[in-house]
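Chain by chain, the residues:
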Amino acid sequence: MLREIIRPQSEIYSLRIPKEYLNQDVEILVLPFSYPKTEESSTKSDIVKATAGLLKDKNIDPVKWQNEIREEWDDR
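Here's a quick rundown of the structure. This one's a predicted model, so the numbers in the text were calculated from it and none came from an experiment.

## A word on the overall build of the protein chain
Here's step 1: When helices and strands are tallied, the protein chain shows two helices and zero strands.
Here's step 2: For the protein chain, with 76 residues in total, the buried portion stands at 1%.
Here's step 3: About 8700 Å² of surface is accessible on the protein chain, with carbon and sulfur atoms providing 53% of the total.

## Quick look at the environment of Ile28
Here's step 1: As for its placement among the helices and strands, Ile28 is situated in the segment before helix H1 (39-51).
Here's step 2: Judged by relative accessible area, which is 54%, Ile28 ranks as exposed.
Here's step 3: Along the chain, Ile28 and Arg3 lie 25 residues apart, while their C-alpha atoms are 9.9 Å from each other.
Here's step 4: For Ile28, the residues in contact, after removing those within four places along its chain, are Leu15 and Ile17.

## Looking at a nonpolar patch on the surface
Here's step 1: There is a patch of nonpolar side chains on the surface, built from Ile6, Tyr13, Leu15, Ile17, Leu22, Val26, Ile28 and Val30 and spanning about 780 Å² of accessible area.
Here's step 2: Structurally, the position occupied by Ile6 is in the segment before H1.
Here's step 3: Exposure remark for Ile6: the relative accessible area of 37% places this residue in the partly exposed category.

## Topic: a negative patch on the surface
Here's step 1: On the surface, a cluster of negative charge is contributed by Asp61, Glu68, Glu71, Glu72 and Asp74.
Here's step 2: Along the polypeptide, Asp74 turns up in helix H2 (residues 62-74).
Here's step 3: Here Asp74 falls in the exposed class, since its relative accessible area comes to 62%.

About the cut-offs
Residues numbered from 1 in each chain as written. Predicted model: local features only at pLDDT ≥ 70, side-chain atom pairs only at ≥ 80, totals over all residues. Heavy atoms only, no water. Helix = DSSP H or I, 4+ residues; strand = E, 2+ residues; numbered from the N terminus. Buried < 20%, exposed > 50% of the residue type's maximum accessible area, 1.4 Å probe, protein only. Areas by Shrake-Rupley, 256 points an atom, 1.4 Å probe, with all protein chains shown as cover. Contact = heavy atoms within 4.5 Å. Patch = residues over 30% accessible without salt bridge, like charges linked within 9 Å, V, L, I, M, F, W, Y side chains within 5 Å. Salt bridge = Lys/Arg side-chain N within 4 Å of Asp/Glu carboxyl O. Lys, Arg positive; Asp, Glu negative; His and termini not counted. Charge placed at Lys NZ, Arg CZ, Asp CG, Glu CD.

Limitation: the analysis is restricted to geometry and does not speak to function.
Below is the structure:
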């Protein structure tokens, strides 16, 4: 399957059909495309903005913290 999102600059667009698709039924769609802006993604970004830098004054060593978290799984 091929899928390509383009921004056409004219009304004429040449299309190359791969050899594997020759002598087969194929469907060619032309639809407007836009990235949907969901509330979920804006909520996630709000959380990041609200909590960014929250722990910078806690003097946490990220490597040591990560090792401690992983040690919890070593006992299983």
